[in-house]
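Now for the letters of each chain:
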Protein chains: 2
Amino acid sequence: MNSAKGIAAVVRIVAKPRYLQPARIRQQLHTNGRRKSAAAGKAEASNPAMVFPCLDAIESKSATLEARSLSSGPEPSYTSGVTLKYRCEEPLLLDWGGVLSEFDIAYETWGEINADKSNAILLHTGLSASSHAHSTVNNTKPGWWEKFIGPGGCLDTNKYHIICTNVVGGCYGSTGPSSIDPADGKRYATRFPILTIEDMVRAQFRLLDGLGIKKLYASVGSSMGGMQSLAAGVLFPERVGRIVSISGCARSHPYSIAMRHTQRQVLMMDPKWNRGFYYDSIPPHAGMKLAREIATVTYRSGPEWEQRFGRRRADPSKQPALCPDFLIETYLDHAGEKFCLEYDANSLLYVSKAMDLFDLGAANQAATVERRAARRQLLKSKARESPGEASCSLTLPDSPYKEQPDANPPADSDTSMTQSSGPPQDLVNGLKVLASHPTLVMGVASDILFPAWQQREIAETLRKAGNDTVTHVELGEDVSLFGHDSFLLDLEHIGGNLRRFLG
Amino acid sequence: MNSAKGIAAVVRIVAKPRYLQPARIRQQLHTNGRRKSAAAGKAEASNPAMVFPCLDAIESKSATLEARSLSSGPEPSYTSGVTLKYRCEEPLLLDWGGVLSEFDIAYETWGEINADKSNAILLHTGLSASSHAHSTVNNTKPGWWEKFIGPGGCLDTNKYHIICTNVVGGCYGSTGPSSIDPADGKRYATRFPILTIEDMVRAQFRLLDGLGIKKLYASVGSSMGGMQSLAAGVLFPERVGRIVSISGCARSHPYSIAMRHTQRQVLMMDPKWNRGFYYDSIPPHAGMKLAREIATVTYRSGPEWEQRFGRRRADPSKQPALCPDFLIETYLDHAGEKFCLEYDANSLLYVSKAMDLFDLGAANQAATVERRAARRQLLKSKARESPGEASCSLTLPDSPYKEQPDANPPADSDTSMTQSSGPPQDLVNGLKVLASHPTLVMGVASDILFPAWQQREIAETLRKAGNDTVTHVELGEDVSLFGHDSFLLDLEHIGGNLRRFLG
């Protein structure tokens, strides 16, 4: 679907005799010392060698970072700007047995909390988004949901107290792999424990405890936040009023795991990643850039790309290149470049892995509950050996954390049903605890990462679990062309439905 | 969609107290010299560091290859086994101005050619497939379409003489980047010229000339071969009887370009790639492996993955890992590993780029024709300066290569139409030359790389161009669950329709 503009450009090539160009390139190459050893010889090659501006750019970025780290130190400077901070010194036991002996939650809020603290909405972020969903007095930079939040907005700050946190495992002020391990004073790096979406939610509820919020008016989230939003209800059903899950899922599926796998691999393959221990050196910016490019394909590809990029080349007057050449390639290159130093590589690995591990099925929940209980037992016996004082720095909850009671292993363990035969019983059992929560589930037909069948699955599962207050909205390709990222862009449909649901 | 087996495994974890494992891992790590500098200290970290068997494997592979190249030399050994070979010493002018002054085409055949040479079918391969579509007397290894070819088969060797070539640009015996540039006696590497799908087809028709085959009974291909199959008809309409294009397209779209872009980038980012000049050293096996993993996602993901892998972990008794962990990850890892030394990295770059550049629209054809004419003019004037003898080593064609006559720039240059409003006029103009060729177009609904709308586009375009002998078959998810690779697997539907069409 070339546009008329693209065609005009192609015609322009024809007007300039293109075949004169290779000679120019050849000349450049013969003066390029780097290639001499390989390409130089007595005889001249049949065709000129290629140039690789994309690799030159990576090398030059490394050199710049090297120089900068000599002058200012290699400390990473990931930040979402000024945030509030909640410090909890009561250890957080993670689902896979790891422990954060203390941790911080960086967060931001909009709108006043009411007298009985009943108007709080917890807003969950996507993988790499920060708590900065909207500008604040302390940080006037527009947030990622700037237009969705405000007085009279879809998340109405006249009515609600919106809280958005930076997830544990991330790098925007909440404890994550780039934080200092209090046990030895060094950065966690890949000694950070494996964490789950549920662990992130547990940490968020510690913050709610600290803020004295017993029950949320609503739990709202998109993408990974859509997972968290459901998980909040499942872990703390008494503390969540209503649930909004946008472009999320109740469990990850193989394609999304596969795509995140390739991102992790490309990042870990960057020699600068150094198995996670790069904090004293140059970060793996090339691996991060490319991981983000792959991610961007999963976030944005959709019919919009056909219209926006089609088959247009960035500069049709040039020979095709192995480096970015088509507009879609330069777009991806730019997206990767913009991100590569904005987010911590280890955070990407851990948070991405947490998404893969997400599964609200009853079997997984039951296994987790058992694993946690056993681990807690072990930790208790250790604690008796060396008792210590530990508490969160605001207030402690009135009652101990009440998670979902141990679920019995599902009577019906047949979870191999295909989607066409309805939601698997294991998932229905896992979501039974949400049978009476008013829930809004939204999905976008052009989403390839969290495809629309996953949101249909949530809705059908909840209904089969007995919930008759489920609203399911699927935005067709006639409305939302942006794929997964529609939740960031479609104020009218995503925002409008959200507003109507919250009331 | 966990299977009952997956669940059983999860339950098994619970039976063994998993929380005892981290201690074991910690012990391993403290004896691991590589980590000492980063993780060792007086105090003990809160949590154990992770192990990275996937990176260990890459390092160990590099070491093995290093040792091997010391003993046997670093020559690449890509081969599709014993093939026939056709050597052409008449220069091949490529679409973007490069020239192969001489080239080889490695090929294989099945079934006898008839007296008037009217029963030849040219079978085009996918990106990385070789000419070995079926076993031969000289190479008994099963081919990639073993079950599709044979006496009474879908490609019936009792009736037809099937020819399958290795594409120019590849690494299975036909001239490509790993070949020696006759101009200077060194490997082309990235001095190989940019090539197009049409260039590959031109080289194939030189072979047909050499074999004395004036007209093909049919041009048949899948995936990239589906592009070539159409291109053969467009370039040599008089020499192609009928056309079969399976899971191909008439022009590449942004998602497929984007996915190939990420593969090229990951490969070029491997330091061992060395801007293409790795033939005297260790090949970029890690980059190739990962590029293949990304490719595999685009080839295979589909509903079948939900059933085959679901959310099952490779070894549920282990802690989740950042290295491959879920079954889908180990599957991708294995697919990448199997491929990483089987195909030449530079060939992957060039052939993948050729796919991106594919566009049978009239504007692109017209621009190419003009560019070629200008380039030919330049080469002629050079040739007058230093005349030489050049010919193909079998027979020369009776008449000069007659490509499609110069197309006028399309009267209607509006190509920005969306798919819903029908095929763009530019493409209709580009395929007008196929208005009377019986054509079979097949696609698979679960294909994400060459989505079904692209084959619908071919069929609609041909019909709009006046072709009333188009057969279009779209295999729904109820029939073919394998995504793009269905063409390799679905003998019943892909093969059956092919057989019926060829008659």
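Structure shown above.
Residues numbered from 1 in each chain as written. Chains lettered and ligands numbered in written order. Predicted model: local features only at pLDDT ≥ 70, side-chain atom pairs only at ≥ 80, totals over all residues. Heavy atoms only, no water.

1. What about the relation of the copies chain B and chain A?
And step 1. Overlaying chain B on chain A yields an RMSD of 0.0 Å, the required transformation being a rotation through 180 degrees with an accompanying axial translation of 0.0 Å. Those values place the two copies in the arrangement expected of a two-fold rotation axis. Taking C-alpha positions as reference, the residue of chain B nearest the rotation axis is Val266 of chain B, located at 3.4 Å.
And step 2. Most of the interface of chain B is mirrored in chain A, where 99% of its interface residues are also at the interface. (Least-squares fit on C-alpha atoms with pLDDT ≥ 70 in both. Contact = heavy atoms within 4.5 Å.)

2. Here we look at the interface of chain B and chain A
And step 1. Listed per partner, the contact involves 111 residues of chain B and 110 residues of chain A.
And step 2. In total, chain B and chain A occlude about 9800 Å² of area from one another, counting both sides; carbon and sulfur atoms represent 65% of this.
And step 3. Counting across the chain B and chain A interface gives 12 salt bridges.
And step 4. Between Glu329 of chain B and Lys353 of chain A there is a salt bridge, with its nearest N and O atoms 3.6 Å apart.
And step 5. The leading source of residues in the side of chain B that touches chain A is helix H7 (residues 254-269) of chain B, at 12 residues. (Buried area = accessible area lost by both parts, 1.4 Å probe. Salt bridge = Lys/Arg side-chain N within 4 Å of Asp/Glu carboxyl O. Helix = DSSP H or I, 4+ residues; strand = E, 2+ residues; numbered from the N terminus.)

3. What about unusual backbone geometry?
And step 1. Even without being a glycine, Lys117 of chain A presents a positive backbone phi close to 55 degrees.
And step 2. Relative to the assigned elements, Lys117 of chain A resides in the loop between strand E4 (103-110) and strand E5 (120-124).

4. Considerations on the packing of aromatic side chains
Each pair of aromatic rings is reported with the distance of its centres and the angle of its planes.
And step 1. Per the stated rule, a full pass over the model turns up 26 aromatic pairs over all chains.
And step 2. Between the aromatic rings of Trp144 of chain A and Trp145 of chain A, the centroid separation amounts to 5.7 Å while the plane-to-plane angle is 40 degrees, which identifies the pairing as tilted. Note on accessibility: Trp144 of chain A and Trp145 of chain A belong to one class, buried.
And step 3. Judged by centre distance (4.1 Å) and plane angle (20 degrees), the ring pair of Phe205 of chain B and Phe236 of chain B falls under stacked. Here Phe236 of chain B lies in the loop between helix H6 (224-235) and strand E12 (240-246) and Phe205 of chain B lies in helix H5 (residues 197-211), a separation of 31 residues in the sequence.
And step 4. In this structure Phe205 of chain B comes out as buried when scored by relative accessible area, which is 0%.
And step 5. Put simply, the rings of Trp144, Trp145 and Phe148 of chain A touch in pairs and so form one group of aromatic residues.
And step 6. Lying over the aromatic face of Phe236 of chain A, Arg239 of chain A brings its terminal NZ or CZ to 5.9 Å of the ring centre. (Phe/Tyr/Trp six-rings, centres within 6.5 Å; stacked < 30°, edge-to-face > 60°. Buried < 20%, exposed > 50% of the residue type's maximum accessible area, 1.4 Å probe, protein only. Lys NZ or Arg CZ within 6 Å of the ring centre and 35° of its normal.)

5. Brief notes about helix H5 (residues 197-211) of chain A
And step 1. Taking 1.5 Å of rise per residue, the 15 residues of H5 of chain A would be expected to cover 21 Å, and the 21 Å separating its terminal C-alpha atoms lies within 8% of that figure.
And step 2. Downstream of H5 of chain A by a residue or two, Gly212 of chain A has a phi angle that is positive, lying close to 75 degrees. (Expected span 1.5 Å × (residues − 1).)

6. A few points about the sheet that holds strand E8 (residues 161-165) of chain A
Residue and element names in this part refer to chain A.
And step 1. Spatially, eight strands are ordered E1-E4-E8-E5-E11-E12-E13-E14 in an open sheet, and the strand pairing comes out mixed. Each edge of the open sheet carries a strand with a single partner, namely strand E1 (84-88) and strand E14 (470-475). With direction set aside, neighbouring strand axes in the sheet form an average angle of 20 degrees.
And step 2. Of the strand pairs in this sheet, E1 and E4 are connected by five bridges, and their pairing is antiparallel. When the sheet's bridge partners are listed, Tyr86 is paired in E4 with Ile105. (Pairing = 2+ DSSP bridges. Axes fitted to C-alpha atoms, helices over the stretch in contact; angles between N-to-C directions.)

7. Quick look at the side chain of Glu108 of chain A
And step 1. Counting through the fold element by element, Glu108 of chain A comes out in strand E4.
And step 2. It is Lys141 of chain A that comes nearest to the buried, bridge-free Glu108 of chain A among opposite-charge side chains, at 9.8 Å. (Lys, Arg positive; Asp, Glu negative; His and termini not counted.)

8. Here we look at the side chain of Ser229 of chain B
Residue and element names in this part refer to chain B.
And step 1. Residue placement: Ser229 occurs in helix H6.
And step 2. Among the polar contacts made by the side chain of Ser229, one reaches the main-chain carbonyl oxygen of Ser219 at a distance of 2.7 Å.
And step 3. With residues up to four places along the chain from it excluded, the contact list for Ser229 reads His124, Ser219, Val220, Gly221, Ile243 and Val244. (Polar contact = N/O pair within 3.5 Å; in protein donor to acceptor, adjacent residues only side chain to side chain.)

9. With respect to the packing of helix H8 (residues 285-300) of chain B against helix H10 (residues 327-339) of chain B
Residues and elements named next belong to chain B.
And step 1. Where H8 contacts H10, the axes come no closer than 8 Å and their chain directions differ by 125 degrees. Relative to H10, the element H8 lies oblique. Between H8 and H10 the crossing geometry is right-handed. Between H8 and H10, the residues in contact are Met288, Lys289, Arg292, Glu293, Thr296, Val297 and Arg300 and Tyr331, Leu332, Asp333, Ala335, Gly336, Glu337 and Phe339, respectively.
And step 2. Grouping the constituent residues of the contact of H8 with H10 by class yields six nonpolar, two polar and six charged. (Parallel < 35°, antiparallel > 145°, perpendicular 65-115°, else oblique. Left-handed = near helix turned anticlockwise from the far one by under 90°. Nonpolar A, V, L, I, M, F, W, Y, C, P; charged D, E, K, R; others polar.)

10. Here we look at the state of the cysteines
Residues and elements named next belong to chain A.
And step 1. Overall, the coordinates contain two disulfides over all chains when judged by the stated rule.
And step 2. Residue pairing for Cys54: its cysteine sulfur links by disulfide to Cys323, the two sulfurs lying 1.8 Å apart. Handedness here is read from the sign of the S-S torsion; for Cys54 and Cys323, about -70 degrees, the answer is left-handed. Separated by 269 residues along the polypeptide, Cys54 in helix H4 (residues 53-72) and Cys323 in the loop between helix H9 (303-308) and helix H10 (327-339) bring together distant segments of the chain. (Disulfide = S-S within 2.5 Å.)

11. With respect to the packing of H7 of chain B against H8 of chain B
Residue and element names in this part refer to chain B.
And step 1. Across the interface, H7 lies against H8 with an axial gap of 7 Å and an inter-helix angle of 165 degrees. In terms of their interaxial angle, H7 and H8 are classed as roughly antiparallel. Classified by chirality, the crossing of H8 by H7 is right-handed. Contact with H7, carried on its side by Tyr255, Met259, Thr262, Gln263, Val266 and Leu267, involves Gly287, Met288, Leu290, Ala291, Ile294, Ala295 and Thr298 of H8 and no other residues of that element.
And step 2. When its residues are assigned to classes, the contact of H7 with H8 shows nine nonpolar, four polar and no charged.

12. A look at the sheet that holds strand E1 (residues 84-88) of chain B
Residues and elements named next belong to chain B.
And step 1. Overall, mixed pairing links the eight strands, which are arranged E1-E4-E8-E5-E11-E12-E13-E14 in an open sheet. The open sheet has two edge strands with one neighbour each: E1 and strand E14 (470-475). Neighbour-to-neighbour, the strand axes of the sheet open up by a mean angle of 20 degrees, direction not taken into account.
And step 2. Across four bridges, the pairing between E12 and strand E13 (residues 439-444) is parallel. Residue pairing for E13: Val244 is matched across the bridge by Leu440.
And step 3. Docked against the sheet, H5 engages E1, strand E4 (103-110), strand E5 (120-124), strand E8 (161-165), strand E11 (216-222) and E12, running at close to 65 degrees with respect to E4.

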